[in-house]
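# What the coordinates show
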Amino acid sequence: MTWAHHSFAALFDASKPIRLKGTLTKVDWTNPHSYFYLDVVDSKGVTYNWAVEGAGPGALSRRGFKKGDVKIGDTLVVDGYLVKKPGVRLIDGRIVTLPDGRVINGGTEGDGGPGDIKPAEAQKDASS
């Protein structure tokens, strides 16, 4: 599953937050968005594979999330937002808790999603 570069609002619904806890099954360190996949067991014991979209590899690396930090079989917790299209198991992963307990901002900077700080706003805040 690959999507072109896009704004948050083009694909995701800010009114539908979701938390996934699952087992890592695949990682695609691609630009402009990285994707990783989790097997998540629902309340009925059924396992579903979810795709999680995040920032590109360079942005994630600058935030402290590097390719070697996770391996297939690790458990991750992801807070994000559901895709608008019904029946598709894809979320925008805004906050990722790694197996070692570190919490990383997984979102794409400047995409307009919840909690996003655009570079100009961050510079203004820093100069205050």
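Owing to the predicted nature of the structure, the values given are computational and were not obtained by experimental measurement. (Residues numbered from 1 in each chain as written. Predicted model: local features only at pLDDT ≥ 70, side-chain atom pairs only at ≥ 80, totals over all residues. Heavy atoms only, no water.)

## Remarks on the packing of aromatic side chains
Summed over all chains, the structure comprises one aromatic pair. Pairing Trp29 with Phe65 gives two aromatic rings, centres 5.4 Å apart and planes at 80 degrees, and the pair type is edge-to-face. A residue pair is termed long-range when its members are at least 10 positions apart, and Trp29 in the loop between β1 (12-28) and β2 (34-41) and Phe65 in the loop between α2 (57-62) and β4 (75-83) qualify at 36 residues. Phe65 gets classed as buried once you look at its relative accessible area, which sits at 3%. The aromatic ring of Tyr37 is capped on one face by Lys26, whose charged end is 5.4 Å from the ring centroid. (Phe/Tyr/Trp six-rings, centres within 6.5 Å; stacked < 30°, edge-to-face > 60°. Helix = DSSP H or I, 4+ residues; strand = E, 2+ residues; numbered from the N terminus. Buried < 20%, exposed > 50% of the residue type's maximum accessible area, 1.4 Å probe, protein only. Lys NZ or Arg CZ within 6 Å of the ring centre and 35° of its normal.)

## What to know about the pairing of strand β5 (residues 90-97)
Most of β5 sits out of view: six of its eight residues are buried. Bridge count between strand β3 (residues 47-54) and β5: three bridges; the pairing is parallel. Within β5, the position partnered with Glu53 by the bridge is Asp92. Looking at chain direction, β4 and β5 are connected through six bridges and run antiparallel. Looking across to β5, one finds that Val78 is bridged to Val96. (Pairing = 2+ DSSP bridges.)

## Here's the deal with the confidence of the model for the protein
For the protein, the mean per-residue pLDDT works out to 82, and 79% of the residues sit at or above 70. For the stretch residues 1-5, pLDDT sits under 50, and the model shows 13 contacts to residues farther than four places along the chain or on other chains. Low confidence marks residues 117-128, where pLDDT is under 50. Its contacts with residues over four positions away, or in another chain, come to six contacts. (pLDDT = per-residue confidence, 0-100. Contact = heavy atoms within 4.5 Å.)

## Observations regarding the side chain of Arg94
Locating Arg94 in the fold gives a position in strand β5. Owing to a relative accessible area of 7%, Arg94 belongs among the buried residues under this scheme.

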